[in-house]
Amino acid sequence: MHRGLAQVVWIGALYGTTTFLPISRGGHLALGEMLFDTGRTAAALQMGFLAGTLFATVLLIRQSVGDLSRGLWRALRRPSTLPTAAASREFLTITLAQIPVAAMWLLLGDAEETLCR
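Below or above, wherever it landed, is the structure these notes cover. (Residues numbered from 1 in each chain as written. Predicted model: local features only at pLDDT ≥ 70, side-chain atom pairs only at ≥ 80, totals over all residues. Heavy atoms only, no water.)

1. Here's the deal with the overall build of the chain
So, step 1. Scanning the chain from N- to C-terminus turns up seven helices and zero strands.
So, step 2. Shown N-terminal to C-terminal, the secondary structure of the chain runs as helices and strands in the order α-α-α-α-α-α-α.
So, step 3. Counting every position in the chain, which comprises 117 residues, the buried fraction comes to 21%.
So, step 4. In the chain, the share of contacts with a sequence separation of at least 24, taken over all contacts with a separation of at least 6, comes to 36%.
So, step 5. For the chain, the accessible area works out to roughly 8,800 Å², and carbon and sulfur atoms hold 70% of it. (Helix = DSSP H or I, 4+ residues; strand = E, 2+ residues; numbered from the N terminus. Buried < 20%, exposed > 50% of the residue type's maximum accessible area, 1.4 Å probe, protein only. Contact = heavy atoms within 4.5 Å. Areas by Shrake-Rupley, 256 points an atom, 1.4 Å probe, with all protein chains shown as cover.)

2. A word on the pattern of salt bridges
So, step 1. Here the structure, examined in full by the defined rule, presents one salt bridge.
So, step 2. Where D67 meets R70, a salt bridge forms, and the shortest distance between an N and an O atom there is 2.6 Å. Of this pair, D67 and R70 both sit in helix α4 (residues 62-77), separated by three residues, roughly a single helical turn.
So, step 3. Overall, the relative accessible area of 40% leaves D67 in the partly exposed class.
So, step 4. Its relative accessible area of 43% is what places R70 among the partly exposed residues. (Salt bridge = Lys/Arg side-chain N within 4 Å of Asp/Glu carboxyl O.)

3. Regarding the packing of α4 against helix α5 (residues 86-97)
So, step 1. Packing of α4 against α5 leaves a shortest axis separation of 8 Å and a crossing angle of 115°. Classified by the interaxial angle, the pair formed by α4 and α5 is roughly perpendicular. Read as a crossing pair, α4 and α5 show a hand that is left-handed. Side by side, α4 and α5 meet where L68, G71 and L72 of the first sit next to A87, S88, E90, F91 and I94 of the second.
So, step 2. For the contact of α4 with α5, the residue count by class is five nonpolar, two polar and one charged. (Axes fitted to C-alpha atoms, helices over the stretch in contact; angles between N-to-C directions. Parallel < 35°, antiparallel > 145°, perpendicular 65-115°, else oblique. Left-handed = near helix turned anticlockwise from the far one by under 90°. Nonpolar A, V, L, I, M, F, W, Y, C, P; charged D, E, K, R; others polar.)

In structure tokens, the structure reads:
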């Protein structure tokens with residue numbers, strides 16, 4: 001196997017087996033870089049892992065995503081039901097949960113990567 005491909009496979013296996021651990025998204029790749037001496041991992045590789053994780057998550061919860069989407073669509077078509085619809089409350093909860101993440105990203109910016117290293 002080509003050396004670059006072998007590194008991608010090892011880092012991917014590490015990422016997949018440690019995803020459930022409380023490690024930051026950059027921590028998986030930083031750990032791979034330290035263990036396998038790969039140097040700076042390409043941003044495309046990190047984005048590929050993140051896209052794969054998102055795809056697998058959506059695939060796993062596709063029924064819930066579909067129910068939420070249909071319920072929110074029904075509530076949007078009848079605005080009078082929006083405040084009481086379960087889907088709109090769930091959507092609001094998910095949206096509000098993203099505020100701390102967005103705030104940290106705005107405050108830290110590139111410092112997050114430095115802190116991970």
